[in-house]
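# Coordinate inspection notes
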Amino acid sequence: MADVSEAVGCAVVTGASSGIGAASARALVAHGWRVVGLARREDKLAAMADGLGQAFSYRVCDMTDEASTQAAVDEIMAAGPVKALVNCAGRAIGKDSVATSKLDDWRAMYELNVLGTLRITQKLLPALEQDEGSVLIVSSTAGIEPYEGGGGYCASKSAERVMARILRLELIGKPVRVIDIAPGMVHTDEFSVKRFAGDRSKAQAVYAGVPDPLTAADVADCVTWALDQPDTVNIDQIVVRPRAEGSYTKVYRR
Ligand SMILES: NC(=O)c1ccc[n+]([C@@H]2O[C@H](COP(=O)([O-])OP(=O)(O)OC[C@H]3O[C@@H](n4cnc5c(N)ncnc54)[C@H](OP(=O)(O)O)[C@@H]3O)[C@@H](O)[C@H]2O)c1
């Protein structure tokens, strides 16, 4: 167990209740960070805290809600310096075409992926600047190569990548790094199940026959590696995919 008094620093990890966020929180703790996990499901966060001990604490937070996010940020900033913000909270909804997709689905993806990320990033930037910190955004290859049926999700992930790039330019000269990690296919327990509104057969079909999709831990390795570089070294972008995936539409299946 990491010695909290000698932690590398405090990392705030959004979406820490499952998937890539949970794996990133675990990996950061293993690398000596003190982690504050944010998500809406307290039972999941509490289970993480049981397993990780003192180095992990959490705040229940709905990142689409201004008051909820502000309250979490206020508590975090009152507790001390913040060295990293790892933005993992995000979602995809459906695979409908642009012509037929619902405005509400696009709105919900934008609310979390784009505006939720923007909201917490804006709020924590002053603290990050004070501690030579880092903003890390887990975007997606969906933000690089649009695919049919991915309209709202690809657009939101593209927006996150643009946000990271522009923030990096706007902060030049200030002691803050901005890192964009764009994973391809990652087999996490919940992401595709939620995308297809609980339809497990549709979710399983995403990964069917693919020899080794990335795991959440693979992406967490990228997160810790990028953050553990010296403060003056900015890993601008990492694009990481399973070997079997050349692009979203070029995937080897057994
Ligand atoms: N899986 C993939 O193939 C893949 C590939 C590339 C990029 N990504 C990106 O990686 C990130 C994590 O994906 P994942 O696979 O780990 O998905 P996941 O397991 O579904 O995790 C999503 C996380 O977001 C949190 N969240 C959802 N709505 C929230 C809200 N309103 N406020 C606060 N937190 C909220 C969820 O927690 P609560 O429900 O408890 O709030 C959960 O912890 C996403 O941004 C996703 O777009 C995933």
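None of the values given here were measured: they were computed from a predicted structure.

## Notes on the site of the ligand
In the vicinity of the ligand, 30 residues are found, and the nearest of them are Gly 15, Gly 19, Arg 40, Gly 90 and Phe 191. Contributions of two or more residues to the shell around the ligand are made by α1 (19-30) and α6 (191-195). The leading source of residues in the shell around the ligand is α1, at three residues. Taken together, the residues that form the shell around the ligand break down as 13 nonpolar, ten polar and seven charged.

## Considerations on the pairing of strand β3 (residues 56-60)
By the bridge criterion, five bridges tie strand β2 (residues 34-39) to β3 in an arrangement that is parallel. Looking at the pairing, Ala 39 lines up with Val 60 of β3. Each parallel crossover has a hand, and for β2 linked through helix α2 (residues 42-52) to β3 it is right-handed.

## Some words on the packing of helix α3 (residues 66-79) against helix α4 (residues 103-130)
Following both chains from N to C, one finds α3 and α4 inclined at 20°, their axes separated by 10 Å at the closest point. As summarised for this structure, α3 and α4 are arranged roughly parallel, according to the angle between their axes. Our pair here, α3 against α4, has a crossing hand that is right-handed. Of the residues in α4, those in contact with Glu 66, Thr 69, Gln 70, Val 73 and Met 77 of α3 are Arg 119, Ile 120, Lys 123, Leu 124 and Ala 127.

## Thoughts on α1
Under the 1.5 Å per step criterion, the end-to-end length of α1 is 17 Å for twelve residues, consistent within 8% with the ideal 16 Å. Most of α1 is tucked away: eleven of the twelve residues are buried. Of the residues making up α1, those classed as buried are Gly 19, Ile 20, Gly 21, Ala 22, Ala 23, Ser 24, Ala 25, Arg 26, Ala 27, Leu 28 and Val 29. Looking one or two residues past α1, Gly 32 carries a phi angle of roughly 95°, positive in sign.

## So, the UniProt feature "domain: Ketoreductase" (unreviewed entry) in the protein chain
Mapped onto this structure's residue numbering, the UniProt feature "domain: Ketoreductase" (unreviewed entry) falls at residues 9-188. In this annotation, residues 9-188 is assigned 47% helix and 18% strand; the end-to-end C-alpha distance for the span is 27 Å.

## Some remarks on the packing of α4 against helix α5 (residues 151-170)
Between α4 and α5, whose axes approach to 9 Å, the crossing angle comes to 15°. The angle between the axes of α4 and α5 places the two elements in the roughly parallel class. Where α4 crosses over α5, the handedness of that crossing is right-handed. Residues Asp 105, Trp 106, Met 109, Tyr 110, Asn 113, Val 114, Thr 117 and Leu 118 of α4 pack against Gly 152, Tyr 153, Ser 156, Lys 157, Ala 159, Glu 160 and Met 163 of α5. Across the contact of α4 with α5, the residue classes tally to eight nonpolar, four polar and three charged.

## Let's talk about the environment of Ala 159
Within the secondary structure, Ala 159 is located in helix α5. Here Ala 159 falls in the partly exposed class, since 19 other C-beta atoms lie within 10 Å of it. Sequence separation between Ala 159 and Ser 101 is 58 residues; the distance between their C-alpha atoms is 19 Å.

Cut-offs used in this document
Residues numbered from 1 in each chain as written. Predicted model: local features only at pLDDT ≥ 70, side-chain atom pairs only at ≥ 80, totals over all residues. Near = placed C-beta within 6 Å. Helix = DSSP H or I, 4+ residues; strand = E, 2+ residues; numbered from the N terminus. Nonpolar A, V, L, I, M, F, W, Y, C, P; charged D, E, K, R; others polar. Pairing = 2+ DSSP bridges. Right-handed = clockwise from strand over helix to strand, strands pointing away. Axes fitted to C-alpha atoms, helices over the stretch in contact; angles between N-to-C directions. Parallel < 35°, antiparallel > 145°, perpendicular 65-115°, else oblique. Left-handed = near helix turned anticlockwise from the far one by under 90°. Contact = placed C-beta atoms within 7 Å. Expected span 1.5 Å × (residues − 1). Buried ≥ 20, exposed ≤ 12 C-beta atoms within 10 Å, placed from the backbone. UniProt positions renumbered as here; feature names shortened; annotations may be inferred.

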